[in-house]
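Chain by chain, the residues run as shown.
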Amino acid sequence: MCSGLYSHPNVFMEDHINGVIKIAKQLYGDNIPEWFYIPLAFHDFGKSTKYFQDYILSGKKTKFSDHSYLSAVYCWNLAHSLGFNDRLTECFLYPLKHHTDLKELEDTLDDLLSKGRKKILLEQIKAIEVEKFNRFVELLDIPESIKNKAFLEKEVLSRLRLIVENHLERIVVVVRRGLKKGLFDFNLFFSVLLDADKTQAGSKEDSVPETRVLSLERIEIYREQLRNNDSEINQKREEAFKEVMAKLPIAKDYKLYALTLPTGMGKTLTGLSFAAGLAKNLGLKRIVYSLPFLSIIDQTELVLRGIGLKDSTELIVHHHLSEIGYFQGNREYDFDTARVFFEGWNSGVILTTFHQFLYALLGAENSYLRRFNKLKDSVVIVDELQALPHRYWRFVKECFKKLTEELNSRVILMTATNPFVFDKEDNVLHLVDKAKYREGLQRFRVIPDLEKRTVEDLAREVAERVRKEDKTFLIILNTIKSSQEFYRKLKDLVNVDIAYLSTAVIPKQRRERIEQIKQGKYKVVVSTQVVEAGVDIDFDVVYRDFAPLDSINQSAGRCNRHGFRGLGEVRVVKLVDDNGKEYSRRIYDIVLLSATEKFLTEELTERELLDVIDEYFETLWTKISHDKSDELLEALDRVKHDFLYENFKLVEDQPYKEDVFVAIDDEAESVLNAVKKIWERRQRKELHLWEAKIEFEKLKAEFYSYVISMALSKDSGIELDDRLKIRVVRRENVGLYYDGEIGFRIKGGENGL
């Protein structure tokens, strides 16, 4: 028997919904609270109208074929009739917003109260296929107490009309008051619904693959393979590893952990080992490893692959340029299924960016929010913590505490210099005595050389040293413009191999150059901050244009990284433009720069630098304004997704920048033409919108490897492709706008990285 109602083409509604419920139980656990069956089972109630069923058959949408608003009204009424008064808001909002983002909730509520929407709802109620819906209810795998109240009787239909005519305003008042149980509770259940719904619709299956969490044994085998010498730095790495792992027996009494070790002390493997031990001892389901930059993710992925994680059930690497695919043993899933499994983080280890992790945590957009449930019962590693904007430090720290308290998760904060100030009530377990591993560190010295100078002055100084000294040099400058100018001037002064890195260089070439740098191809590298954190490159001498102290420390991490180069040199200089303005003040907060000037007054050993940075962070914690964090925490408590979306930005909006596709070679032209063909097929209606999106997803990673984001003048002359909504430098024009060595030719005073 079937209901005769379709949720998707050729899919009966009861098959879809029962699949959603099964997947939800797999995601959350069999102990799903009774109230939650209402939005799980009936978020598609509005599909039972003749209007929606006609749309399924014809493919033609009308204003009457929308299903979310009517589903919300039905679920509110059902929850109310069953006495779930403390969950009315969730039962209403989940169906209402399961296809649109919570950041736009106010617009949706305004629309709900409009006369036009009320007329549509009343017409939809008339068009409900009652007999088919009641058959659908009979076929659902839900508690009998809910099923008995779910059938459509005349009295129920009358109540639905009454709600639309008289009570929507009251419902909206309740919703706008916020939710009493807090954002994480709201996000968790909504995430399970979104994830289960998208997974079932995309895969047509009623389960997700069983995932495998990383084991300590596999890491230990890999560590054994790396024990190739008994250098002092390796001895310290081993000592730190043993100290951390010795804390595992008492770790159960804590939920927040701090691993603070100098650069090059093996934090990645040590942190992974501790996380794997926690997961095993506490029965946690997965490890979520988050990092600030793609370059570090690439390196960490190499470690995880080296450990032996090949299968998608063991490891997913997810960021905006990830290639979508899902493999289980010898099976490669079709694209639609692979996409929902991949984007749903169905794996034992998820390696991702701060952006993906934190936006999943806050959940203002459904594409991120569906992954929130994967943070439950997980070990979360936050690496390179200092890269978080200081204005959010207090907010993020409180979010991590809530994550551990409300979702049975554990959070490991890893960094060389921890910016957070912990109180006793934070109950943090410090995994190492950080002072012990700083003692005797002599990999480099930091020399403040802060007399103002121009780019040309610095180029002449570096050129003289390059000619005289048998050393490698890394010069890190603050802006693309100053770095390109420096590169040109140095190139004219010396005859050695020099590499250039910044975001003015397309990602494909940046990756290639980083590999060449690792292989020792260049004596000199000129870069912006793109090399600061995590990129495993090593130089004898590092020059750093003035910056906040934590950035200087990150740059220092590229100097004599492994301790094999004698005593390295990190020289901090202060560059000014032709008008005498410091480049550092164009991009960094004056509070951070002033604090750095206070602490960076004399030459420092590596050990002294790390101790000074601790003082620097403690000073900042008291000096910087926490107003933004306090506002965000209030929005968190009041479940204001729109405020969180507007006010939490890891990267500030740069409306003056535009994406530019650089057709630098045959491969670039080929992928550009392939994307254009997708658009053309969509215009000819050979593809539905969702089909076109899927086709683009297959090309996205390759396409964006040729895209840079730049500030363009109005008369730049670079063609805007109206179809793709992106600027395109055609192959024949590449020489006009793009230099094979320094990337996009900067004409103004842009301050990008």
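Everything below is about the structure shown above.
1. Things to note about the overall build of the chain
Part 1 of the argument: Helix and strand counts for the chain stand at 33 helices and 24 strands.
Part 2 of the argument: Here the chain has a C-alpha radius of gyration of 28 Å; the compact-globule value for 753 residues is 27 Å, and the two agree.
Part 3 of the argument: Each principal axis of the C-alpha atoms in the chain carries an extent, and together these give about 90 × 65 × 50 Å.
Part 4 of the argument: Here the chain, with 753 residues, has 59% of them falling under the buried criterion.
Part 5 of the argument: Across the chain, contacts joining residues at least 24 apart in sequence account for 80% of those joining residues at least 6 apart.
Part 6 of the argument: For the chain, the separation between the mean place of its 115 positive charges and that of its 123 negative charges on side chains is 2 Å.

2. Details of the pairing of strand β22 (residues 726-729)
Part 1 of the argument: Here β22 shows two buried faces, one formed by I726 and V728 and the other by R727 and V729.
Part 2 of the argument: With three bridges connecting them, strand β21 (residues 719-721) and β22 associate as antiparallel partners. For D721, the partnering residue across the bridge sits in β22 and is I726.
Part 3 of the argument: Between β21 and β22, which pair antiparallel and follow one another directly, the connecting turn spans four residues, one of which, K725, has a positive phi of 60°.

3. Section: the packing of helix α12 (residues 216-226) against helix α15 (residues 267-282)
Part 1 of the argument: Here α12 crosses α15 at 160°, and the two axes come no closer than 9 Å. Classified by the interaxial angle, the pair formed by α12 and α15 is roughly antiparallel. α15 is crossed by α12, and the crossing has left-handed handedness. Facing α12, whose interface residues are L216, E217, I219, Y222, R223 and L226, α15 presents L269, L272, S273, A276, G277 and K280.
Part 2 of the argument: When its residues are assigned to classes, the contact of α12 with α15 shows seven nonpolar, two polar and three charged.

4. Side note on the side chain of S48
Part 1 of the argument: Tracing the sequence through the fold places S48 in the loop between α2 (37-42) and α3 (50-58).
Part 2 of the argument: With residues near it in sequence (within four places) discarded, S48 still touches L5, M13, A127, I128, E129 and F133.

5. Things to note about the sheet that holds strand β19 (residues 657-662)
Part 1 of the argument: Read across the sheet, four strands follow the order β20-β19-β22-β21 without closing on themselves; strand pairing throughout is mixed. Among the strands making up the open sheet, the edge pair consists of β20 (707-711) and β21. Averaged over neighbouring strand pairs, the angle between their axes works out to 45° when direction is ignored.

6. Focus: helix α20 (residues 393-407)
Part 1 of the argument: The terminal C-alpha atoms of α20 lie 21 Å apart, and with 15 residues this matches the ideal 21 Å at 1.5 Å per residue to within 8%.
Part 2 of the argument: Along α20, the residues classified as buried are W393, F395, V396, K397, C399, F400, K401, L403, T404 and L407.
Part 3 of the argument: After α20 finishes, the residue N408 shows a positive phi value of roughly 55°.

7. What to know about the packing of aromatic side chains
Part 1 of the argument: Applying the stated rule across the entire model yields 42 aromatic pairs.
Part 2 of the argument: Geometrically, the ring pair formed by F36 and F189 is edge-to-face, given 5.1 Å between the ring centres and 65° between the ring planes. One end of the pair, F36, is in the loop between α1 (13-28) and α2; the other, F189, is in helix α11 (residues 183-203), and 153 residues separate them in sequence. Neither F36 nor F189 differs from the other in exposure class; each is buried.
Part 3 of the argument: A ring pair is formed by Y359 and Y368, whose centres lie 5.6 Å apart and whose planes are at 40°; its orientation type is tilted. Across the pair, exposure class does not vary: Y359 and Y368 are buried alike.
Part 4 of the argument: Geometry around F546 places K574 over its ring, the cationic atom sitting 4.7 Å from the centre.

8. Regarding the nonpolar core
Part 1 of the argument: Ranked by internal contacts, the top residues of the largest apolar core, which has 160 residues, are F42, Y74, L375, F395, F400 and F648.
Part 2 of the argument: Excluding residues that lie within four positions of it along the chain, F648 makes contacts with L358, Y359, L362, Y392, F395, V396 and L632.
Part 3 of the argument: Among the nonpolar cores identified, the runner-up in size contains 56 residues, and I480, Y487, I498 and A504 belong to it.

9. Quick word on the side chain of Q386
Part 1 of the argument: Along the chain, Q386 falls in the loop between β9 (378-383) and α20.
Part 2 of the argument: Assessed through its relative accessible area of 5%, Q386 is described here as buried.
Part 3 of the argument: One polar contact links Q386 to E384, side chain to side chain, over a distance of 2.7 Å.
Part 4 of the argument: Reaching out from Q386, the side chain makes a polar contact with the side chain of T415 at a distance of 2.6 Å.

10. Describing helix α6 (residues 105-112)
Part 1 of the argument: Of all the residues in α6, the buried ones are L105, T108, L109 and L112. For α6, the buried positions fall inside an angular range of 95° around the axis, keeping them on one side.
Part 2 of the argument: As for α6, its buried residues are in contact with α4 (68-81), α5 (88-97), α7 (115-126) and α10 (154-176).

11. What about the sheet that holds strand β15 (residues 524-527)?
Part 1 of the argument: Spatial strand order, β14-β15-β13-β16-β17-β12-β18: seven strands in an open sheet with mixed pairing. Pairing within the sheet leaves two strands with one partner each, and these edge strands are β14 (498-501) and β18 (604-605).
Part 2 of the argument: Looking at chain direction, strand β13 (residues 473-476) and β15 are connected through four bridges and run parallel. Bridging across to β15, F473 finds its partner in V524.
Part 3 of the argument: Helix α24 (residues 507-518) contacts β14 and β15 of the sheet and is inclined by roughly 140° relative to β14.

What counts, and at which threshold
Residues numbered from 1 in each chain as written. Predicted model: local features only at pLDDT ≥ 70, side-chain atom pairs only at ≥ 80, totals over all residues. Heavy atoms only, no water. Helix = DSSP H or I, 4+ residues; strand = E, 2+ residues; numbered from the N terminus. Rg over C-alpha atoms; globule rule 2.2 N^0.38 Å. Buried < 20%, exposed > 50% of the residue type's maximum accessible area, 1.4 Å probe, protein only. Contact = heavy atoms within 4.5 Å. Lys, Arg positive; Asp, Glu negative; His and termini not counted. Charge placed at Lys NZ, Arg CZ, Asp CG, Glu CD. Pairing = 2+ DSSP bridges. Axes fitted to C-alpha atoms, helices over the stretch in contact; angles between N-to-C directions. Parallel < 35°, antiparallel > 145°, perpendicular 65-115°, else oblique. Left-handed = near helix turned anticlockwise from the far one by under 90°. Nonpolar A, V, L, I, M, F, W, Y, C, P; charged D, E, K, R; others polar. Expected span 1.5 Å × (residues − 1). Phe/Tyr/Trp six-rings, centres within 6.5 Å; stacked < 30°, edge-to-face > 60°. Lys NZ or Arg CZ within 6 Å of the ring centre and 35° of its normal. Core = buried A, V, L, I, M, F, W, Y, C linked by side-chain atoms within 4.5 Å. Polar contact = N/O pair within 3.5 Å; in protein donor to acceptor, adjacent residues only side chain to side chain. Arc of directions from axis to C-beta.

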